[in-house]
Amino acid sequence: MSRYAELIFEGKKYILPVVEGTEKELGLDISKLRDETGLITLDAGFKNTGSNTSAITFLDGELGILRYRGYAIEELAEKSTFLEVAHLLIYGELPNKATLSNFQKDITMHTLVHEDMRKIFDGFPASSHPMGVLASLVCALTAFYPNALDPNLSPAETDLHIIRLLAKMPTLAAWAYKNEMGHPLNYPKNSLSYCENFLQMMFAYPTEDFHPDPVVVDALDKLLILHADHEQNCSAATVRVVGSSHASLYSAIAAGINALWGPLHGGANQEVIEMLQEIHANGGNVKKYVEMAKDKNSTFRLMGFGHRVYKNYDPRAKIIKGACDNVLNKLGVSDPLLDIAKELEEAALKDSYFVERKLYPNVDFYSGVIYRAMGIPTEMFTVMFALGRLPGWIAQWREMRQMKLPISRPRQIYTGATLRPYVPMGNREK
Ligand code: SDX
């Protein structure tokens, strides 16, 4: 056995094998712990617990490193495209020209959704948050493609469902927005690229022609790449847990959308803008809000700051911050919220509370400023995150199924009442 740890419990010594990854990460293999010792481990929020090995994404939180299948996020954001990255994450390799062209064509030919979906849309009031609409409609895809319920699909059949998800989610996302605005729905156009198509479905009106701004198209493609995967984050872990029961891929992705919606996860990008707007409306006193974020009696948190893994600057935040200036300048937009965000970051990174806790801006801190400049409404920000994260969720689900991992079913330590007899109602004192 290469490396191991010794556990001494009640005078008996146990050997725990140590698993080493390709980036020299080490993990204690406790898969036999309970059988051998009767012990389980406890780790609220899984802060120290690995659920699986994976070959998809590598993060180094201390060094601020993020790589998809070994490629640095900085290179992919600069040189690749979202669909090329999607193929890389899901299938493990950058596609050649022919493979990418076929992948793009397959996606283009599946962007339409069944017309009966419009009946489901009509049931949502305009007040519905687009994330709730999107999660519901992605799960509803199981109704239109029931063979997705078969856990033993062939690879080709599975690939078709993967194509359908990548193709239809932008359509469903744009329709969720149009539904909220009470505008007519736009249909996808096969002549447009992935990002151009999404933007025209979002912003085109029957009364005028719409031509997506190339600056916005390029910025969107980069943002989708930056959000594409992030190893075992809350929503990816959710997709794996739901997928481990052999529920359909659509159900697992819908569960991931719901997990991402939370303000501590993907919902933070909407919260950041709302926080910046509040600071702006109250005179821009960032110091006051930094102090509030430190005050344990206040529920206020600096949204877009802090991360479970990154104890250094989130490399995605660095890229997005740089893109902010570039995109806003190209679009001729000046946004006071960007200035406030930069002031907030500067004030926080000088403050011992944040420095001691290694709290840095994360992916959500600046992304909303770009979305605003692109004309994306605030309540659609987390939907944008979901569109970017979709290939990552699919890759995590596919890896979990290919590895034939068991159903996820954590243990617990029970702390409730011990055995007690049933007391009939008439004999109870209270
Ligand atoms: C994403 O996991 C991923 O990879 C996620 C993600 C992805 O790509 O999938 O990167 C996307 O979800 C980014 C995170 C977006 N969420 C936010 O920006 C919300 C604000 N941040 C947090 O609430 C918090 O930082 C978390 C949820 C991101 C991480 O929480 P942890 O790891 O459970 O850490 P914690 O809450 O225990 O905080 C540690 C300390 C605490 O103080 P003490 O108890 O030690 O005194 O730091 C404090 C916290 O109070 N703290 C903050 C803070 N974040 C943590 N204090 C003020 N403002 C904050 N934002």
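Before reading on, note that the structure itself is shown above.
Not measured: the values here are computed from a predicted model.

Conventions adopted
Residues numbered from 1 in each chain as written. Predicted model: local features only at pLDDT ≥ 70, side-chain atom pairs only at ≥ 80, totals over all residues. Heavy atoms only, no water. Pairing = 2+ DSSP bridges. Helix = DSSP H or I, 4+ residues; strand = E, 2+ residues; numbered from the N terminus. Axes fitted to C-alpha atoms, helices over the stretch in contact; angles between N-to-C directions. Contact = heavy atoms within 4.5 Å. Phe/Tyr/Trp six-rings, centres within 6.5 Å; stacked < 30°, edge-to-face > 60°. Buried < 20%, exposed > 50% of the residue type's maximum accessible area, 1.4 Å probe, protein only. Lys NZ or Arg CZ within 6 Å of the ring centre and 35° of its normal.

Trainee: I would appreciate a short explanation of the sheet that holds strand 1 (residues 4–9) in the present structure.
Mentor: Paired through backbone hydrogen bonds, the strands of a sheet run either parallel or antiparallel to each other. The three strands are arranged 1-2-3 in an open sheet whose pairing can be described as antiparallel. Where the open sheet ends on each side, the last strands, each with one partner, are strand 1 and strand 3 (26–28). Shown here is a sheet whose adjacent strand axes are inclined to one another by a mean of 30 degrees, direction ignored. Bridging between strand 2 (residues 12–20) and strand 3 involves three bridges; their strand directions are antiparallel. Across the sheet, V19 pairs through a bridge with G27, a residue of strand 3.

Trainee: Mind showing me how you'd approach the environment of G322 here?
Mentor: Assignment of secondary structure puts G322 in helix 14 (residues 315–331). A C-alpha to C-alpha distance of 71 Å links G322 and N427, two positions 105 residues apart in sequence.

Trainee: Where do I start with the environment of E343 in this structure?
Mentor: Within the secondary structure, E343 is located in helix 15 (residues 336–349). Linking E343 and V286, residues 57 residues apart in sequence, is a C-alpha distance of 7.0 Å. Apart from residues lying up to four places away in sequence, E343 is in contact with G284 and V286.

Trainee: Got a minute to help me understand the packing of aromatic side chains in this structure?
Mentor: By convention here, two paired aromatic rings are described through the distance between centres and the angle between planes. Summed over the entire model, instances satisfying the criterion amount to 13 aromatic pairs. Residues Y313 and Y360 carry aromatic rings whose centres are separated by 6.4 Å and whose planes lie at 50 degrees to one another, so their mutual orientation is tilted. Taken together, the positions of Y313 in the loop between helix 13 (286–294) and helix 14 and Y360 in the loop between helix 16 (352–356) and helix 17 (363–373) put the pair 47 residues apart, joining distant regions of the chain. Between F365 and Y366, the ring centres sit 4.9 Å apart and the planes meet at 85 degrees, which makes this aromatic pair edge-to-face. Residue F365 shares its accessibility class with Y366, and that shared class is buried. Site record: aromatic cluster; members linked through ring pairs are F305, Y353, F354, F365 and Y366. The aromatic ring of Y205 is capped on one face by K178, whose charged end is 4.4 Å from the ring centroid.

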